[in-house]
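Letter by letter, the chains look like this.
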Amino acid sequence: MTLAGLGWSDFFEDQVEPREADLVRARIATIHRTRLTAISETGPLGLTLPVHARTRDFAVGDWVLAEPDTQLMRRRLARRTVLERRGEGSKIPQLAAANVDTLFIVTSCNADFNIGRLERYLALANESGAVPVMLLTKADAVDDAATFQEQAAALQRGLPVIVLNPRSPEAATALAPWCGAGQTVALVGSSGVGKSTLVNTLAGPAQELPQETGDIREHDSKGRHTTTSRSLHAIAGGGWVIDTPGMRTLQVGDAAFGIETLFAEITELAPQCKFRDCTHAHEPGCAVQAAVDNGTLDPARLSRWRKLLEENRENSPDTSGPRGSSPAPGRFKRR
């Protein structure tokens, strides 16, 4: 095992001070209620938390520095990317994963395929700095999987959409461009879409503790939660994968950059409006409404954009005032 193989880069090395040169560089692999486990160059280790440290302040994928003898954690390094989610009715974000290069958004070709929810996942990925890739499973359950693939690809410019069978070894081949040595991917999606199965396929038969998998209910295509915590797994090709519990509800907040990227066609039209403060609802000279009228912009897409913007405003912290400032967009966040 090497640090580079674990995902270490100059971004993290530049944060290490000279007096910390002898500390162990370790990456958090699992988070339990009162303890953390990590992986270093020499293998797994159990971290000892400092007094007053809280496990909820850490994410799987974080890099930390620890004492070589006692394994006492000294500090967490700034994150290159961070995935955060908000549950329904909660304004406090929950850490999902850190230092992720690619976010695999997994959905199935059945009733789980929900445009509005997929757009929320994409906003989450964009805001985090991770590259989103859409994975479609259960294609054998429908007559025309291409329809689902086309709908998914239309959600965001340049979005890769891969149709695969999570149980097939060919899935690992299809995802190899994002799973190379030192690369980290994370999986998000509803329960029952095949995330844990895909983790097992990517990790290969050599992993010690395969992820538990479960089936979906036929009448509503919903699955039961088989993954109850986040964990870091080695990929047979040299990368790392983080599995996450299924999420049926996902609120957006503090995600203005992610929404702008997701709805780029609307973002680019706005400056062409006659009025600077145009709401794109009823003002004369509105370029967005003109696009709706001439058929180049789907009114349903515009409606979902409005809904996400309003939700984001309600769930974002107030940064107004002389000391207020907007967070750096997406991939430049350090937390």
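Residues numbered from 1 in each chain as written. Predicted model: local features only at pLDDT ≥ 70, side-chain atom pairs only at ≥ 80, totals over all residues. Heavy atoms only, no water.

Visitor: Provide a residue-level description of the overall build of the protein, including the pertinent values.
Guide: When you go through the protein residue by residue, the secondary structure sums to 10 helices and 13 strands. Within the protein, buried positions represent 51% of all 335 residues. For the protein, the proportion of contacts with a sequence separation of at least 24, taken over those separated by at least 6, is 66%. Total accessible area on the protein stands at roughly 16,600 Å², and carbon and sulfur atoms take up 50% of it. (Helix = DSSP H or I, 4+ residues; strand = E, 2+ residues; numbered from the N terminus. Buried < 20%, exposed > 50% of the residue type's maximum accessible area, 1.4 Å probe, protein only. Contact = heavy atoms within 4.5 Å. Areas by Shrake-Rupley, 256 points an atom, 1.4 Å probe, with all protein chains shown as cover.)

Visitor: So, the pattern of salt bridges: which residues are in play, and what are the values?
Guide: Counted under the stated rule, the structure contains 14 salt bridges. E17 serves as the salt-bridge partner of R19, at 2.9 Å between the closest nitrogen and oxygen. For R19, a relative accessible area of 62% translates into the label exposed. The class of E17 is partly exposed, set by a relative accessible area of 34%. Bridged by salt links that share partners, the residues E119, E265, R301 and R304 form one connected network. (Salt bridge = Lys/Arg side-chain N within 4 Å of Asp/Glu carboxyl O.)

Visitor: Quick one: what's the story with the pairing of strand β4 (residues 63–66), residue by residue and with numbers?
Guide: Alternating positions in β4 separate into two faces, W63 and L65 on one and V64 and A66 on the other, with burial throughout. Two elements, strand β1 (residues 24–31) and β4, share 4 bridges in a ladder whose sense is antiparallel. From the neighbouring strand, A26 faces β4, where its bridge partner is V64. With 3 bridges joining them, β4 and strand β5 (residues 73–76) adopt antiparallel strand pairing. From the neighbouring strand, V64 faces β5, where its bridge partner is R76. Between β4 and β5, which pair antiparallel in sequence order, lie 6 residues; one of them, Q71, sits at a positive phi of approximately 60 degrees. (Pairing = 2+ DSSP bridges.)

Visitor: Which residues make up unusual backbone geometry, and what values go with them?
Guide: Trans is the common state for peptide bonds, and a negative phi is the common state for residues other than glycine. In this structure, H52 is a non-glycine residue whose phi angle is positive, near 75 degrees. Structurally, H52 is set in the loop between β3 (43–47) and β4. Classification of H52 by relative accessible area gives exposed; the value is 76%. Positive phi, normally seen in glycine, also occurs at Q71, with a value near 60 degrees. Residue class for Q71 comes out partly exposed when judged on its relative accessible area of 28%.

Visitor: Talk me through helix α4 (residues 145–153); I want residue IDs and the actual numbers.
Guide: Looking only at α4, the buried set comprises A145, F148 and A152. Within α4, the buried residues cover an arc of 60 degrees as seen down the axis, which keeps them to one side. Buried residues in α4 make contact with β9 (131–137) and β10 (161–163). Looking at where α4 begins, the residue whose side-chain oxygen comes 3.2 Å from the main-chain nitrogen of A146 is D144. (Arc of directions from axis to C-beta. Polar contact = N/O pair within 3.5 Å; in protein donor to acceptor, adjacent residues only side chain to side chain.)

Visitor: Before we move on, can you summarise the nonpolar core with the specific residues and values?
Guide: As a rule of thumb, soluble globular proteins bury nonpolar side chains together. If you look at the biggest cluster of nonpolar residues, it comprises 58 residues, and the most contacted ones within it are L83, L103, I105, M134 and V288. With 6 residues, the top contributor of residues to this core is helix α3 (residues 115–128). Each residue touching L83, except ones within four places of it in the same chain, is listed here: Q94, L95, A96, A97, V100, L103, L124, S128 and A186. Grouped together as the second largest cluster of nonpolar side chains are 18 residues, L135, L187, V193 and L202 included. (Core = buried A, V, L, I, M, F, W, Y, C linked by side-chain atoms within 4.5 Å.)

Visitor: A description of the confidence of the model for the protein should follow, citing residues and the corresponding values.
Guide: When pLDDT is averaged along the protein, the result is 86, and 85% of the positions lie at 70 or above. Contacts for the low-pLDDT stretch residues 209–228, under 50 throughout, to residues beyond four places or in other chains number 46 contacts. The low-confidence segment residues 321–335, where pLDDT is below 50, has 29 contacts with residues more than four positions distant or belonging to other chains. (pLDDT = per-residue confidence, 0-100.)

Visitor: An account of helix α6 (residues 195–203) is needed here, citing residue identities and associated values.
Guide: Within α6, 9 of the 9 residues are buried, which leaves the element mostly enclosed by the surrounding structure. Listing the buried residues of α6 in full gives K195, S196, T197, L198, V199, N200, T201, L202 and A203. Of the surrounding secondary structure, the elements contacted by the buried residues of α6 are β8 (102–108), β9, α5 (169–174), β11 (184–188), β12 (231–234) and β13 (240–243). At the exit of α6 stands G204, carrying a positive phi of roughly 85 degrees.

Visitor: Account for the environment of T197, with residues named and values stated.
Guide: Mapped onto the elements, T197 comes out in helix α6. Distance from T197 to P166, taken between C-alpha atoms, is 5.9 Å for residues 31 residues apart in sequence.

Visitor: Which residues make up the packing of aromatic side chains, and what are the values?
Guide: Counted according to the given criterion, the structure contains 6 aromatic pairs. With a centroid separation of 4.8 Å and an interplanar angle of 75 degrees, the aromatic rings of W8 and W63 are classed as edge-to-face. Of this pair, W8 sits in the loop between α1 (3–6) and α2 (10–13) while W63 is found in strand β4, placing the two residues 55 residues apart along the sequence. On the basis of relative accessible area, W8 is assigned to the buried category, the value being 11%. For W63, a relative accessible area of 1% gives the class buried. Seen from their ring centres, F11 and F12 are 5.1 Å apart, and the 90 degrees between their planes marks the pair as edge-to-face. Every member of this aromatic cluster is reached through a ring pair, and the members are W8, F11, F12 and W63. (Phe/Tyr/Trp six-rings, centres within 6.5 Å; stacked < 30°, edge-to-face > 60°.)

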